[in-house]
Amino acid sequence: MAWLRKARPVEYMLPATIKWFESLPPEIRPHALGMQYARIPNLFAQEWNDDKACRAYFDDLLTGRRAKRRGFPVRVGRKL
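Note that the structure is predicted; figures quoted are calculated from it, not measured.

**Student:** Where do I start with the overall build of the protein in this structure?
**Tutor:** Secondary structure summary: the protein contains 5 helices and 0 strands in total. Counting the 80 residues in the protein, one finds 24% classified as buried. Sequence separation of at least 24 residues holds for 54% of the intrachain contacts in the protein that already meet a minimum separation of 6. About 6,800 Å² of surface is accessible on the protein, with carbon and sulfur atoms providing 56% of the total.

Right under this line is the structure:
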């Protein structure tokens, strides 16, 4: 049986993400997050109108339940 790898998320913000990003007030746009971790705003843009899913993703990012997570750089963490 062949083992398949999980698909890697894209390393750039998708067009829908850029549109979502630009819809945010300028003072809260997470620029560093988009530059360093594009997969995160891509998922936020996808889930933004689903309150339950969006909150769950925030919780997962901020609590870091996985043992190998190192946390975010200060500039990124502040915006989250």
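That was the structure; now back to the text.
**Student:** How do you make sense of the pattern of salt bridges when you look at a structure like this?
**Tutor:** Two side chains that carry opposite charge are able to pair once their charged atoms sit near each other. Applying the stated criterion across every chain, the model contains 1 salt bridge. Here Arg 55 ties to Asp 51 by a salt bridge, and the two come within 3.0 Å at their closest N and O atoms. With a gap of 4 residues between them, Arg 55 and Asp 51 both fall in helix H4 (residues 51-63), about one helical turn apart.

**Student:** Is there a simple way to think about a nonpolar patch on the surface in this case?
**Tutor:** Taken together, the side chains of Val 10, Tyr 12 and Leu 14 define a hydrophobic patch exposed on the protein surface, amounting to about 250 Å² of accessible area. With respect to the element layout, Tyr 12 can be found in the segment before helix H1 (15-23).

**Student:** I would appreciate a short explanation of the nonpolar core in the present structure.
**Tutor:** Considering soluble globular proteins, one finds that nonpolar side chains tend to be buried as a cluster. By size, the foremost hydrophobic cluster in this structure holds 12 residues: Trp 20, Phe 21, Leu 24, Ala 32, Leu 33, Tyr 37, Ile 40, Phe 44, Cys 54, Tyr 57, Leu 61 and Val 76. Elements that contribute at least two residues to this core include exactly H1, helix H2 (31-36), helix H3 (39-47) and H4. Broken down by element, this core gets its largest block of residues, 3 residues, from H4.

Parameters and conventions
Residues numbered from 1 in each chain as written. Predicted model: local features only at pLDDT ≥ 70, side-chain atom pairs only at ≥ 80, totals over all residues. Heavy atoms only, no water. Helix = DSSP H or I, 4+ residues; strand = E, 2+ residues; numbered from the N terminus. Buried < 20%, exposed > 50% of the residue type's maximum accessible area, 1.4 Å probe, protein only. Contact = heavy atoms within 4.5 Å. Areas by Shrake-Rupley, 256 points an atom, 1.4 Å probe, with all protein chains shown as cover. Salt bridge = Lys/Arg side-chain N within 4 Å of Asp/Glu carboxyl O. Patch = residues over 30% accessible without salt bridge, like charges linked within 9 Å, V, L, I, M, F, W, Y side chains within 5 Å. Core = buried A, V, L, I, M, F, W, Y, C linked by side-chain atoms within 4.5 Å.

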